[in-house]
Amino acid sequence: MASFEPYETIRKDKDGQEIHLTGRAVGMADGKPIVMLASLGRPGSDFDDLAERLALKGYRVILPEPRGIGGSTGPMKGLTLHDLAADVAYVVETQTAAPVTMLGHAFGNRLARTTAADYPALVSRVILLACGGLIEMPEESREALIGCFDESLSPEAHIECVRKGFFADGNDPEVWRDGWYPQVMRMQSSAVRKTDVEDWWEAGGQPMLVVQAMDDVIALPANAHDLKKRFGELATLAELANAGHAMLPEQPAEIARIVEHYLAT
């Protein structure tokens, strides 16, 4: 098995406040670098399976933790996606060699695209899993998403929200019973609201792979189709059957195959 190595670095924001950034890396130090950004209020460990598969193929994978998870700390209010992209850029600058492939899942896809747009010299291409943000989700999906972070719910009601919002019919939501950080969700959601979609939607014109789960009720397929229409040959669209918004624990081998093929080309 591949070995995950922790890292920690500190940067200062525009107001001089310290931001502690932690995470893990896996793979040979000289491997081609990939930075993976997790879903809303979720930890970098969501990518452990994919990261290990890619590390065994010779890639160097960086898994940053957002402010509020692990040892990552810093101001949590009044932020935009540009502020959070500055965190990611600093990790790239201090932990690996640019340019990197930036991979983002759900909320992380927005942050990946913001980083690519704001720091084009650091990012060579982006991979988007569950690329929502333009086409609104149905209200019942929004309620399920919010319920995943509602600590007042019973365990049964909570896992039902996870199932309805994140998993395709027949897939087991128990693998994501834990790993929900309400404070981080609130910080990231606020940052999304404070940032114009057009600031990041096109990822600064970087080449992209879009992996679209066909049963995703939060990041609807229309989002992926919009990107493919806008970008044409610059965007590669891969459709994933039997997967919802969670995607990573639902179809780990197929996602790894799609990503590996894209990276190889």
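Residues numbered from 1 in each chain as written. Predicted model: local features only at pLDDT ≥ 70, side-chain atom pairs only at ≥ 80, totals over all residues. Heavy atoms only, no water.

Caption draft 1: Quick peek at helix α8 (residues 252–264). End to end, α8 covers 18 Å across 13 residues, agreeing with the expected 18 Å (1.5 Å per residue, within 8%). Within α8, the full set of buried residues consists of Ile 255, Ala 256, Ile 258, Val 259, Tyr 262 and Leu 263. The buried residues of α8 occupy an angular sector of 165° when the element is viewed end-on, so they sit on one face. Structural note: α8 exposes His 261 and Ala 264 on the side pointing more than 90 degrees away from its buried face. (Helix = DSSP H or I, 4+ residues; strand = E, 2+ residues; numbered from the N terminus. Expected span 1.5 Å × (residues − 1). Buried < 20%, exposed > 50% of the residue type's maximum accessible area, 1.4 Å probe, protein only. Arc of directions from axis to C-beta.)

Caption draft 2: Fine view of the sheet that holds strand β2 (residues 18–26). On the basis of which strands lie adjacent, the open sheet formed by eight strands has the order β1-β2-β4-β3-β5-β6-β7-β8 and mixed pairing. Only two strands of the sheet have a single partner each, and these edge strands are β1 (4–12) and β8 (235–240). Each strand axis lies, on average, 20° off the axis of its neighbour in the sheet, ignoring direction. Each of β1, β2, β3 (32–37), β4 (59–64) and β5 (100–105) is contacted by helix α1 (residues 48–55), which is oriented at about 160° to β4, the strand it contacts most. (Pairing = 2+ DSSP bridges. Axes fitted to C-alpha atoms, helices over the stretch in contact; angles between N-to-C directions. Contact = heavy atoms within 4.5 Å.)

Caption draft 3: Molecular detail of the nonpolar core. Membership of the largest hydrophobic core comes to 56 residues, with the highest contact counts inside it found for Val 35, Met 102, Val 126, Phe 166, Met 208 and Leu 227. For this core, the leading source of residues is helix α2 (residues 81–95), giving seven residues. Judged by nonpolar contacts, the second largest core, of 32 residues, contains Ala 51, Ala 213, Met 247 and Val 259. (Core = buried A, V, L, I, M, F, W, Y, C linked by side-chain atoms within 4.5 Å.)

Caption draft 4: Summary view of the environment of Gly 133. For Gly 133, the location among the structural elements is in the loop between β6 (123–129) and α4 (139–147). Placed 68 residues apart in sequence, Gly 133 and Trp 201 show a C-alpha to C-alpha distance of 8.0 Å. Not counting residues up to four positions away in its chain, the partners in contact with Gly 133 are Arg 110, Val 197, Trp 200, Trp 201 and Asn 223.

Caption draft 5: Up close: the pairing of β2. Of the strand pairs in this sheet, β1 and β2 are connected by nine bridges, and their pairing is antiparallel. Residue pairing in the sheet places Arg 11 in a bridge with Ile 19 of β2. Hairpin connection between β1 and β2: a loop of five residues separates the two successive antiparallel strands, and Gly 16 in this loop has a positive phi of roughly 85°. Pairing of β2 with β4 involves four bridges; the strand directions are antiparallel. Its bridge partner lying in β4, Val 26 is registered against Val 61.

Caption draft 6: Representation of the packing of aromatic side chains within the structure. Enumeration over the complete set of coordinates arrives at six aromatic pairs. An angle of 55° between the planes, with centres 5.7 Å apart, marks the rings of Phe 166 and Trp 176 as tilted. Linking Phe 166 in helix α5 (residues 155–166) with Trp 176 in the loop between α5 and α6 (182–193), this pair joins segments that are ten residues apart in sequence. There is no split in this pair, since Phe 166 and Trp 176 are both buried. Centre to centre, the rings of Phe 166 and Trp 180 are 5.1 Å apart; their planes meet at 70°, and the pair counts as edge-to-face. Taken together, the residues span a long stretch of sequence, with Phe 166 in helix α5 and Trp 180 in the loop between α5 and α6 at a distance of 14 residues. For the pair shown, Phe 166 and Trp 180 are each scored as buried. In textbook terms, an aromatic cluster arises when at least three aromatic residues are bridged by ring pairs, as seen for Phe 149, Phe 166, Phe 167, Trp 176 and Trp 180. In this arrangement the basic side chain of Arg 42 is found over the ring face of Trp 176, its NZ or CZ atom lying 4.0 Å from the centre. Directly above the aromatic system of Trp 180 lies the positively charged group of Arg 42, at a separation of 4.5 Å from the ring centroid. (Phe/Tyr/Trp six-rings, centres within 6.5 Å; stacked < 30°, edge-to-face > 60°. Lys NZ or Arg CZ within 6 Å of the ring centre and 35° of its normal.)

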